[in-house]
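Results of the structural survey
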Amino acid sequence: MVDARGLSCPMPVIMTQKAMKSKEDYYEVMVDAKAPLENVTRYAQSQGYKVEVEDKGGEYLLKISR
Amino acid sequence: MEKKNDKLFIIIAGLIIGIIAAGLAFLGNPKNMGFCIACFLRDTAGGLGLHKAPPVQYIRPEIIGIVIGAFVAAFAKKEFGSKGGSAPMTRFVLGFFAMVGCLMFLGCPFRMILRLAGGDLNAVLGLVGFVIGIFCGIFFLKNGYSLKRTYSLTAGEGYWMPILEVVIFVLLIARPAFIAFSEEGPGSMHAAVIVSLIAGLVVGVLAQRTRLCMVGGMRDLVLFKETRLLWGFIAILVAALVTNLVLGGFKLGFTEQPIAHTDGLWNCLGMLLVGFACVLLGGCPLRQLVMSGEGNADSAVTVLGLMVGAAFCHNFGLASSGEGPTPAGKIAVIIGIVVVCCIGVVNTYVKAGAAEEAA
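Residues numbered from 1 in each chain as written. Chains lettered and ligands numbered in written order. Predicted model: local features only at pLDDT ≥ 70, side-chain atom pairs only at ≥ 80, totals over all residues. Heavy atoms only, no water.

Quick notes on the packing of helix α4 (residues 88–105) of chain B against helix α13 (residues 297–315) of chain B
Residue and element names in this part refer to chain B.
- Across the interface, α4 lies against α13 with an axial gap of 7 Å and an inter-helix angle of 45°. Taken as axis vectors, α4 and α13 run oblique relative to one another. Classified by chirality, the crossing of α13 by α4 is right-handed. Along its contact with α4, which presents P88, R91, F92, G95, F96, A98, M99, V100 and L103, the element α13 presents D298, V301, T302, L304, G305, L306, V308, G309, A310, F312, C313 and H314.
- Of the residues belonging to the contact of α4 with α13, the class tally is 14 nonpolar, five polar and two charged. (Axes fitted to C-alpha atoms, helices over the stretch in contact; angles between N-to-C directions. Helix = DSSP H or I, 4+ residues; strand = E, 2+ residues; numbered from the N terminus. Parallel < 35°, antiparallel > 145°, perpendicular 65-115°, else oblique. Left-handed = near helix turned anticlockwise from the far one by under 90°. Contact = heavy atoms within 4.5 Å. Nonpolar A, V, L, I, M, F, W, Y, C, P; charged D, E, K, R; others polar.)

Here's what the structure looks like:
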C-alpha cells in the first residue's frame, strides 16, 4: 500500500515506481487528486498492469494488478 | 481515460495554445511574447506599483484569464478544492528565484518555446540550461526529495487567488490613478483587453484539463519514459512556428531578436535556475498559475513569490534588458542556484524530527 495523498507531482508516481520494483502482482495506491490519479494509472498501465479505481469521496484507491 | 485519446487531447490543446500565443503577438503583444507567465506577472507587479520600471507596467489580462479559466474548469469537473500546507515559505523562495532566472533569460519556459518558434537562437542556449536544470532537480527527486504533503484547508482558502484576479481585473478596467500603465516599452504593447482575456481563459481551461507543464515533459520522460506532457510542449512549438511562418513573424538568428540578449552563458544559467527551481516546485510558472486557480494555496504562494521576485528584480536592477544581463543580475542568479541547491539538499537528506517521523 502506497499512501501518496497530498503529495505533488511527480512524487506519487516515483513512490509507485519504487514500490513496483518488487514485481508483485498486486499493489494499492492511495491518492487525493485527479492529476496523480491519472499519472499513477498511466504509469501502471505502461508497466503492463490493470488499474481499478475506487472513489472514496475525494480520495482514490487504485487497485493495480496483473 | 484511454491512453491514445489522452495524448491526442494534449497535442490538440498544445496546437491551439501555440496558435493563440503566436497570434497574440500579431494582435499587439510584444514579439515572441504572446504569452510569458514571468513577463506578465512582472508587468502586473509593475501595474500595481510593486516596482517602478516604467516600460514594464501593465496588468496583463492573460494572467487573469488563465487563473479564472483554470478555476472554472476545475470547478465544473469537481476538481476544485482548498489545499495547501506543503512548505509554503520554501515554495515562495523557489518562486522568487525562478523569477530571477526568468528575468535573466527574459522569459519563462513558455516564452522560451515561443522564442524558439520565432527563430530566436538565443533560446536554444536557454533550452540547454533548462534541460540541465531539470536534470539537477531530478537528481534530488530520485534521492527522495519531497516538500511533504498538502492538506485540505478551510473552505475559503482556495478562493483567494481567483478573487484577487477579479479585483485586479476591475482595477485594469477602472484605471484609477494609482494603477500604472506603461507608455512605451513592452508594457505598452498589448492586444485589446478582451482579446487577451479570452486568450487567457482558453489557455487556462486547456492547461487545467491537460495538466500542461513545460518542465513536466522533460522530467517525466527522464523519470518514467512518459512522453505525454512533452507532446504538449512540442505541439505548442510546432503550432507557434507555423503560425509565425504564415504571418511573417519568423526571423532566424542570434542578433536583434525582440526583447532578448545575446549573452549565451547567462541565457543558459538563467534557464538552468528556472528548470532546477521548477522541478523542485513540481511545475513551471504556467502550471503554478493553473493550480492556484484550482484552489491550491501552495501554488498561490508560489505565484506571489514569482511576483515579489519580479518586483525585486526591477527595484534592484537584476533583470536583463535587450542590452544584456546586469552584474547584479548575474550575482543574483548564482545566489539563486546555490539557494535552490540548498533547498534540494535539506529536503532530501536532512531527516525530519522524531515527532514528525512518529506522526
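From this point, the discussion proceeds with the structure in view.
Focus on the interface of chain A and chain B
- Taken together, the 22 residues of chain A in the interface contact 24 residues of chain B.
- Between chain A and chain B, roughly 1900 Å² of surface is buried when both sides are summed, and carbon and sulfur atoms account for 52% of that area.
- Across the salt bridge formed by R149 of chain B and D3 of chain A, the nearest N and O atoms sit 3.7 Å from each other.
- At the junction of chain A with chain B, the criterion picks out seven residue pairs in polar contact (both at pLDDT 80 or more).
- Of all elements in the fold, only α1 (11–19) and α2 (34–46) of chain A reach the threshold of two or more residues within the side of chain A that touches chain B.
- Ranked by residues supplied to the side of chain A that touches chain B, first place goes to α2 of chain A with seven residues. (Buried area = accessible area lost by both parts, 1.4 Å probe. Salt bridge = Lys/Arg side-chain N within 4 Å of Asp/Glu carboxyl O. Polar contact = N/O pair within 3.5 Å; in protein donor to acceptor, adjacent residues only side chain to side chain.)

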